[in-house]
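The chain contents come next:
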Amino acid sequence: MKRGAAAVLAAVVLATAGTALNGCQRGLSTRAGAPVAGPSRAGCPPAILARAKAGVQQAEQVDVPWNGPTSGPRAVPGRTIVYVAQTMTNPGVVGVAKGVIEAAAVIGWSVRVIDGQGTPAGIQAALAQAVNLEPSGIVIGGFDPGLTAQQVAQADTAHIPLIGWHAVAAPGPSTNPPLFSNITTSVGDVARLSADWVIAESDGRAGVVVFTDDSVPFARNKSELIKDELATCPGVGLLASENIPIPDATSRTPQAVSALLARFQGQWTHSVAINDLYFADAAPALRAAGRPGNAAPYNIGAGDGDPSAFQRIDSRQFQAATVPEPLTEQGWQIVDEFNRAFSHQPASGYVAPVHISTAANSGGATFWDPAGYRQAYRTIWGR
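Residues numbered from 1 in each chain as written. Predicted model: local features only at pLDDT ≥ 70, side-chain atom pairs only at ≥ 80, totals over all residues. Heavy atoms only, no water.

A. Here's a closer look at the overall build of the protein. Along its length, the protein carries eleven helices and 14 strands. Relative to its 383 residues, the protein shows a buried fraction of 56%. Taken as a whole, the protein presents about 14600 Å² of accessible surface, with 53% of it coming from carbon and sulfur. (Helix = DSSP H or I, 4+ residues; strand = E, 2+ residues; numbered from the N terminus. Buried < 20%, exposed > 50% of the residue type's maximum accessible area, 1.4 Å probe, protein only. Areas by Shrake-Rupley, 256 points an atom, 1.4 Å probe, with all protein chains shown as cover.)

This is the structure in structure tokens:
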């Protein structure tokens, strides 16, 4: 699937919040008490392998027509949005912020971005600052609202609508926490297809490492679903589940990868990460160990499909595939959902379909940008 035109860069006002990093657990683990499982000669039952290959083939299709909303309220004028980011070092969070800014410019609203800097204290301070600004709406950008229960309650009391991106496990409206909508692809589909890519690519014989961030419930749930799907194929063994908080990925992933290489050597054939950024940080360690960029371990990111991931994939350097979120499109959807909230209409209920990008279908683009959404939303808003 092609990633479309380059995203429009707009000025982002960063308000710094928070300081000290709270301790997050990190561990190299196999399934509790179980022996390490490497690739098996047994492979997969034919029906499971066929299902995995068919699902991957469908998800790799290019030029899928727009299937999102085509009707809704006209643009409500003069609104202000605050985007509270988990951390602006997370490329997915940044990509959605750019989409919000781009769409807001079209609908005629102003946007401010506040960086939570990846720590609980920083995120709480950022959301408190956002509530104090009394904006028309606030985006929960990639963090668990449970970290900020007090600030979320204050926003709810002030009748400030909240829209999440990757804030809770399911897409759509949420009553607890109170979100007008949560924007995400189906985490179950993302997890299933990323695991199925490993099953299909390896022909049902793989030794897999999963990289995750257990401090984020959304990410933890995704990695558990990935492991569940891998387990449907007896020939695919889970070597380890590596828990590295996203803000620590740059400092901790290279050391973890070196340890994994020493521990598993030729058994490690594939990896799945809940975010592509782990492979940016894994590449130096793999290179230092003499691993070719186009050889095992073959890596797939189960989100978010940032430009550096596409560059690694297209150059065949330590990443073979990604299951990208349509980040810019999701930024536009957030603006459209706010417009529905401001117009006292229900959320659209739209969930973008899941896509797999590889060197064979990316067309040289650096992000996944499906066709049709910009014109559809412009038409809805009368812009």
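From this point, things continue past the structure.
B. Expanded view of the nonpolar core. Grouped together as the largest cluster of nonpolar side chains are 56 residues, with contacts concentrated most on Phe211, Ile226, Trp268 and Tyr278. If you list the elements that add at least two residues to this core, you get helix H1 (46-59), helix H5 (187-201), strand E9 (206-212), helix H6 (217-230), strand E10 (236-243), helix H7 (249-264), strand E11 (270-273) and helix H8 (277-288). For this core, the leading source of residues is H5, giving nine residues. Those residues in contact with Tyr278 that lie beyond four places of it in its chain are Phe211, Thr212, Asp213, Ile244, Pro245, Ile246, Ala249, Thr253 and Ala273. Counting 36 residues, the second-largest nonpolar core is a separate cluster that includes Val93, Ala97, Leu327 and Val335. (Core = buried A, V, L, I, M, F, W, Y, C linked by side-chain atoms within 4.5 Å. Contact = heavy atoms within 4.5 Å.)

C. Seen up close, the side chain of Asp304. By secondary structure assignment, the location of Asp304 is in the loop between strand E12 (298-301) and helix H9 (307-314). Here Asp304 sits buried without a salt bridge, and the closest side chain of opposite charge, Lys222, lies 4.9 Å off (N-O distance). Each residue touching Asp304, except ones within four places of it in the same chain, is listed here: Asn90, Gly92, Trp165, His166, Asn275, Asp276, Pro324, Glu325 and Leu327. (Lys, Arg positive; Asp, Glu negative; His and termini not counted. Salt bridge = Lys/Arg side-chain N within 4 Å of Asp/Glu carboxyl O.)

D. Representation of the pairing of E10 within the structure. Burial analysis of E10 places eight of its eight residues in the buried class, the great majority of the element. Relative to E10, E9 is paired through seven bridges, and the arrangement is parallel. Within the sheet, the bridge partner assigned to Ala206 lies in E10 and is Val236. For the handedness criterion, the β-α-β arrangement of E9, H6 and E10 is classed as right-handed. (Pairing = 2+ DSSP bridges. Right-handed = clockwise from strand over helix to strand, strands pointing away.)

E. Looking closely at the packing of aromatic side chains. Following the criterion strictly, the structure yields ten aromatic pairs and no others. For the pair Trp66 and Tyr373, a centre-to-centre distance of 6.5 Å together with 50° between the ring planes defines the contact as tilted. With a gap of 307 residues between them, Trp66 in the loop between H1 and strand E3 (80-85) and Tyr373 in helix H11 (residues 373-381) connect regions that are remote in the sequence. For the pair Trp66 and Tyr373, a shared accessibility class is recorded, and that class is buried. Sitting over the face of the ring of Phe342, Arg79 holds its NZ or CZ atom 4.8 Å from the ring centroid. (Phe/Tyr/Trp six-rings, centres within 6.5 Å; stacked < 30°, edge-to-face > 60°. Lys NZ or Arg CZ within 6 Å of the ring centre and 35° of its normal.)

F. Summary view of the confidence of the model for the protein. On average, the protein scores 89 in pLDDT, and the residues at 70 or more come to 89%. Every residue in residues 1-36 is under pLDDT 50, and counting partners more than four places away or in other chains gives 103 contacts. (pLDDT = per-residue confidence, 0-100.)

G. Looking closely at the environment of His355. Of note, His355 is situated in the loop between helix H10 (327-342) and strand E14 (357-358). Each C-alpha atom, one on His355 and one on Gln57, is 9.9 Å from the other, the two residues being 298 residues apart in sequence. A distance of 3.0 Å separates a polar atom in the side chain of His355 from the backbone oxygen of Ala59. (Polar contact = N/O pair within 3.5 Å; in protein donor to acceptor, adjacent residues only side chain to side chain.)

H. Examining the pairing of E11 more closely. Along E11, one buried face is formed by His270 and Val272 and the opposite face, lined by Ser271 and Ala273, is buried too. Across four bridges, the pairing between E9 and E11 is parallel. Across the sheet, Val210 pairs through a bridge with Val272, a residue of E11. Of the pairings in the sheet, the one linking E11 to E12 comprises four bridges and is parallel in character. Note that in E12 the partner of Ala273 across the bridge is Gly301. Traced from E11 through H8 to E12, the parallel crossover comes out right-handed.

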